[in-house]
Amino acid sequence: MFADTKAFSGFAVDDLQKAREFYGDTLGLRTTVLDEDAGLLTLHLAGDRDTLVYEKPDFTPATYTILNFQVDDVDTAVDELAA
């Protein structure tokens, strides 16, 4: 039934604006606010892997939700993020 249906991932945040700033400004990802009133944001990831970010007022961080980025040198990436 869904074999040829494009799927996408998503995760919740407690503050959509802070998430946009972090993913857009800090990490340098292209983002699109889909619906500010509904709290919906898209992260445009390499490889055509758009990811939905949605604001959830009673947000409790999940212990299993991760977003991995492959980098050539972890120490360099950490240093750049810290700067």
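As a convention, each chain's residues are numbered from 1 in the sequence order in which they are written. Reporting of local features is limited, given that this is a predicted model, to residues whose pLDDT is at least 70; pairs of side-chain atoms are given and counted only at 80 or more, and all residues count toward the totals for whole chains, interfaces and linings. Computation of side-chain values: all heavy atoms of the structure, hydrogens and water removed.

## What about the sheet that holds strand S4 (residues 51–55)?
Rules: Strand pairing is defined by DSSP finding a minimum of two bridges between the two strands. Only DSSP runs of H or I covering at least 4 residues are called helices, and only runs of E covering at least 2 are called strands; the numbering of each starts at the N terminus. The axes are straight lines fitted to the C-alpha atoms, using for helices just the contacting stretch, and the angles between their N-to-C directions are given from 0 to 180°.
Pairing is mixed in the open sheet, where four strands are placed in the order S1-S4-S3-S2. Because the sheet does not close on itself, it has two edges, and the strands there are strand S1 (9–13) and strand S2 (30–35). Direction aside, the axes of adjacent strands within the sheet are offset by 25° on average.

## Some words on the layout of surface pockets
So the rule is basically this: Buriedness of a pocket was judged along seven lines, with at least five required to meet protein on both sides within 12 Å; pockets are open sets of points on a 1 Å grid over the protein atoms alone, cavities are sets where a 1.4 Å probe fits but cannot get out, and lining residues have an atom within 4 Å of a point. Grid points are joined across faces, edges and corners, and a volume is the space filled by probe spheres set on the points. Polar here means any residue outside two lists: the nonpolar Ala, Val, Leu, Ile, Met, Phe, Trp, Tyr, Cys and Pro, and the charged Asp, Glu, Lys and Arg; Gly therefore counts as polar.
Volume-wise, the largest pocket comes out at about 360 Å³. Taken together, 14 residues line the largest pocket, and the ones lying closest to its centre are Leu27, Phe69, Val71, Ala77 and Leu81. For the lining of the largest pocket, the secondary structure elements donating two or more residues are helix H1 (16–26) and helix H2 (74–82). Per-element tally for the lining of the largest pocket: the top contributor is H2, with five residues. Looking at the lining of the largest pocket residue by residue, the class counts come to eleven nonpolar, two polar and one charged.

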